Amino acid sequence: MKPGVLTVYRWELRKLISLKRTYLGLFAAMGVPLAFTITLSFRHGRPNDVPFGAYVHQSGLAIPLVLLTFASAFLLPLITALVAGDIVASEDQYGTLKTVLTRSLQRGQVYMGKVLAALTYTVAALVLLGGVAIVAGSMVSGFNSLTTLSGSTVSAGQALALVLASFGVYLIPLWTVALIGVMLSTITRNSAAAVVGTLVTVLLIELVGILPGLEWLQPYLLTRQFDAWQGLLRQPIDWSPITHAAWVCALYCVPAVVAGYLVFLRRDVAGG
Amino acid sequence: MTETPVEARGLVKQYGRITAVDHVDLTVNRGDVYGFLGPNGAGKTTTLRMMLGLIYPTAGSVRLFGRDPTTEGAAALNGVAGFVEAPRFYPYLSARTNMQMMAAFDGDDAVSRVEAALDTVELTARADDKVGGYSHGMRQRLGIAAALLREPRLLLLDEPATGLDPGGMRDMRALIRRLADGGMTVLLSSHLLAEVEELCDRVAIVRAGRIVYEGAIADLKATATTGYRLRTSDNTAAIAVCEAQAGVASARLDGGEVHLDAAEPAVAELSVALVESGLRITALVPDSATLEDLFFRLTEGSTPGETEVPEPAADVVGGVA
Ligand SMILES: Nc1ncnc2c1ncn2[C@@H]1O[C@H](COP(=O)(O)OP(=O)(O)OP(=O)(O)O)[C@@H](O)[C@H]1O
Ligand SMILES: [Mg+2]
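**Thoughts on the domain arrangement of chain B**
And step 1. Examined at the domain level, chain B breaks down into domain 1 (6–221 + 301–317) and domain 2 (225–287).
And step 2. Between domain 1 of chain B and domain 2 of chain B, the C-alpha centre-to-centre distance is 43 Å.

Shown next, in the form of structure tokens:
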């Protein structure tokens, strides 16, 4: 059998499973919804200024949406950057690139395997955060029908489908963050620089959006795509922010992947 | 397959102002155990990195069995294995897991060779320990084991015995010897003349990025051991005999001994002539230090271009041509 992208992908996952760093992010992804729901069960207050914040005591299915709103801007990009920023740079740190690149794998296959692993990790973090929020939320506030952003009510079953779809839509900008992280990991060859660099990139994009005179840029900013999922929670469903997010994110993803790929292909492996 | 295992032509690698490798030409033939000898910073590792496709040459080309690692990447490493500098593995995984990963990356049935390779380097008992806890020597052996997974026809090794204890060095050399006897072509870098002498039949001596000698190690030795030391009952008379003797050159007195340059047959004749002149020989020995001297002369002169290069001139390539 010839080794390929999938071989690298499988072993990248195997390595992630053995690294402490992986669990740091995953524990945060589980801990935040747990802490939030537990706090909520003791208090009658509610986060009114957040979409669905007003309904956290009526429907447990409002809780994952409140958490998604909260975590989408910083926590999830952070968790993503933590692993994506490390995935190539750690090879530089351990000096193992020379080991891997003298087997029967092309450099491009190694890079793509790492990209897939970073994307998979992102899904895992999101599944944990969403899963814990849905289960814990339903236990605290009940598996009830939900009031949408348009004011209409959907059944609990429908609401669950919408919640799952919302997390799915949020994957689009989050994967973009992951791809930027892998690119910076490749270019900087330094894990800390890549993790911080990814977050700074996200924050700078956010900053551009509030600069006077640059308002016209807003629809094209990555950070503005973080809440595209809210289109799903209107009745009827508003697909326009979602399709918009898809192509805007593609504008970020394609150059990031191509740049990282080319740098990885052309670089000298002189260390280690 | 009839292609040459290694063929480097005009290989250059520049790091900013530093020319790490400067027009290196190297040919390693099938079945060679080829020594790549040079002092620290001579460019051995850099040359091997280019051969393995890890860094891109500034100029020139390398072919491994006719394939170019610069353009073909890993496809050119078919049948090739080795490592540069200290072998590196994932410290948080066990040696066995590391080996299984490398085998998966090699493809085919490499996975089925993991246990045998661990056994060859005597790491089976420690295979489930994390590589992070391994000693330098154990990592070095694991590097060899990982290379063997590929069942290579060409093995590229960068100072494999460096940092090993005497026993470890002996075992490493014995292993390389065994692999070479099994038909493997080996290119071995080293800065130890003795190691290369023991293992290799051909050698390239590199200095400041340039090759200052390439050829059979026997030829190098032949030119190097022309020096002899002679002690007789009367050294002054001996010098006169030496000067009269054909094939004996530059006889000189040096600290109670006569030093002279001559080939072996001439020395044999000289011994007869000395005795016939009524001199009693107490010592007539080849100057064993001269191979070392030669190495130092080749690698420590002021600039490579000025280094005096021994015969046979036909074998001398690179910057001195
Ligand atoms: N990544 C790099 N960046 C800059 N210079 C480098 C790099 N790698 C090597 N060099 C320079 O190239 C020259 C050759 O280095 P190289 O490591 O090939 O020597 P070597 O013969 O392997 O030495 P040693 O016996 O110490 O291992 C040195 O002057 C070194 O400083
Ligand atoms: Mg070296």
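On we go from here.
**Quick notes on the site of ligand 1**
All names here are of chain B.
And step 1. Close to ligand 1 lie 13 residues; Asn 40, Gly 41, Lys 44, Thr 45 and Thr 46 are nearest.
And step 2. Lys 44 is positioned such that a nitrogen or oxygen atom in its side chain is 2.8 Å from an oxygen atom of ligand 1.
And step 3. Within the side chain of Thr 45, a nitrogen or oxygen atom sits 2.6 Å from an oxygen atom of ligand 1.
And step 4. Here ligand 1, which alone exposes 640 Å², has 66% of that area covered by the protein.
And step 5. The element that contributes the greatest number of residues to the shell around ligand 1 is helix 1 (residues 44–51), accounting for 3 residues.
And step 6. Grouping the constituent residues of the shell around ligand 1 by class yields 5 nonpolar, 6 polar and 2 charged.

**What to know about the pairing of strand 9 (residues 210–216) of chain B**
Residues and elements named next belong to chain B.
And step 1. With 6 of 7 residues buried, strand 9 is to be regarded as a mostly interior element.
And step 2. In this sheet, strand 9 lies alongside strand 8 (residues 202–207) in antiparallel orientation, the contact comprising 6 bridges. Across the sheet, residue Arg 207 finds its bridge partner in strand 9, namely Arg 210.

**Side note on the pattern of salt bridges**
And step 1. The tally for this structure, following the rule as stated, stands at 27 salt bridges over all chains.
And step 2. Residue B:Arg177 pairs with B:Asp181 through a salt bridge whose shortest N-O separation is 3.7 Å. Residue B:Arg177 and its partner B:Asp181 are both found in helix 6 (residues 166–181); the two are separated by 4 residues, about one turn of the helix.
And step 3. Here the residues in one salt-bridge network are A:Glu12, A:Lys15, A:Glu91 and A:Lys114, joined through shared partners.

**Remarks on the interface of chain B and chain A**
And step 1. Taken together, the 36 residues of chain B in the interface contact 31 residues of chain A.
And step 2. The interface formed by chain B and chain A holds 2 salt bridges in total.
And step 3. Between A:Asp268 and B:Lys13 there is a salt bridge, and its shortest N-O distance comes to 2.6 Å.
And step 4. Applying the counting criterion to the chain B and chain A interface returns 21 residue pairs in polar contact (both at pLDDT 80 or more).
And step 5. Broken down by element, the side of chain B that touches chain A gets its largest block of residues, 7 residues, from helix 3 (residues 95–106) of chain B.
And step 6. Here the side of chain B that touches chain A is composed, by residue class, of 22 nonpolar, 6 polar and 8 charged.

**Re the packing of aromatic side chains**
And step 1. Counted according to the given criterion, the structure contains 6 aromatic pairs over all chains.
And step 2. With 5.6 Å between their ring centres and 40° between their planes, A:Tyr111 and A:Phe264 make a pair best called tilted. Here A:Tyr111, found in helix 7 (residues 107–141), pairs with A:Phe264, found in helix 10 (residues 240–266); they are 153 residues apart in sequence, far enough to count as distant.
And step 3. The class for A:Phe264 is buried, based on a relative accessible area of 1%.
And step 4. Their ring planes at 50° and their centres at 6.1 Å tell us that A:Tyr220 and A:Trp247 sit as a pair that is tilted. Here A:Trp247 lies in helix 10 and A:Tyr220 lies in the loop between helix 9 (191–210) and helix 10, a separation of 27 residues in the sequence.
And step 5. Joined through ring pairs, the aromatic side chains of A:Tyr94, B:Tyr90 and B:Tyr92 make up one cluster.
And step 6. Positioned over the ring face of B:Tyr56 is A:Arg266, at 4.1 Å from the centre of the ring.

**Here's the deal with the environment of B:Leu175**
Residues and elements named next belong to chain B.
And step 1. Note on placement: Leu 175 falls in helix 6.
And step 2. We classify Leu 175 as buried; its relative accessible area is 8%.
And step 3. The spatial distance from the C-alpha of Leu 175 to the C-alpha of Asp 68 is 28 Å, given a sequence separation of 107 residues.

**A short note on the sheet that holds strand 7 (residues 185–190) of chain B**
Residue and element names in this part refer to chain B.
And step 1. Strand order in the open sheet made by the 6 strands is 5-6-7-3-8-9, with mixed pairing throughout. Strands with a single pairing partner mark the edges of an open sheet, and in this sheet they are strand 5 (80–83) and strand 9. Mean inter-strand twist for the sheet, computed between neighbouring axes without regard to direction, equals 15°.
And step 2. Its contacts with the sheet place helix 5 (residues 136–148) against strand 5 and strand 6 (154–158), and it is angled at close to 170° to strand 5.

**Focus: the packing of helix 3 (residues 62–73) of chain A against helix 7 of chain A**
Residue and element names in this part refer to chain A.
And step 1. Interhelical geometry of helix 3 versus helix 7 gives an angle of 140° and a closest axis separation of 8 Å. Considering their axes alone, helix 3 and helix 7 lie oblique with respect to each other. Here Ile 63, Pro 64, Leu 67 and Ala 71 of helix 3 lie close against helix 7, whose contacting residues are Leu 129, Ala 133, Ile 134, Gly 137 and Ser 141.
And step 2. In the contact of helix 3 with helix 7, the residues fall into 7 nonpolar, 2 polar and no charged.

**Points about unusual backbone geometry**
And step 1. Note that the residue after A:Gln235, namely A:Pro236, is joined by a cis bond; omega there is 0°.
And step 2. You will see that B:Glu85, though not glycine, has its phi angle at about 50°, which is positive.
And step 3. Along the polypeptide, B:Glu85 turns up in the loop between strand 5 and helix 3.

**Points about helix 2 (residues 20–42) of chain A**
Residue and element names in this part refer to chain A.
And step 1. If you check helix 2, its first and last C-alpha atoms are 32 Å apart, about what 23 residues at 1.5 Å a residue would give, namely 33 Å.
And step 2. What helix 2 keeps buried is the set Thr 22, Gly 25, Leu 26, Ala 29, Pro 33, Thr 37 and Leu 40.
And step 3. Along its buried surface, helix 2 packs onto helix 1 (5–17), helix 3, helix 4 (75–84) and helix 7.

Thresholds applied
- Residues numbered from 1 in each chain as written.
- Chains lettered and ligands numbered in written order.
- Predicted model: local features only at pLDDT ≥ 70, side-chain atom pairs only at ≥ 80, totals over all residues.
- Heavy atoms only, no water.
- Domains from an automatic or database assignment.
- Near = heavy atom within 4 Å.
- Polar contact = N/O pair within 3.5 Å; in protein donor to acceptor, adjacent residues only side chain to side chain.
- Areas by Shrake-Rupley, 256 points an atom, 1.4 Å probe, with all protein chains shown as cover.
- Helix = DSSP H or I, 4+ residues; strand = E, 2+ residues; numbered from the N terminus.
- Nonpolar A, V, L, I, M, F, W, Y, C, P; charged D, E, K, R; others polar.
- Buried < 20%, exposed > 50% of the residue type's maximum accessible area, 1.4 Å probe, protein only.
- Pairing = 2+ DSSP bridges.
- Salt bridge = Lys/Arg side-chain N within 4 Å of Asp/Glu carboxyl O.
- Contact = heavy atoms within 4.5 Å.
- Phe/Tyr/Trp six-rings, centres within 6.5 Å; stacked < 30°, edge-to-face > 60°.
- Lys NZ or Arg CZ within 6 Å of the ring centre and 35° of its normal.
- Axes fitted to C-alpha atoms, helices over the stretch in contact; angles between N-to-C directions.
- Parallel < 35°, antiparallel > 145°, perpendicular 65-115°, else oblique.
- Expected span 1.5 Å × (residues − 1).

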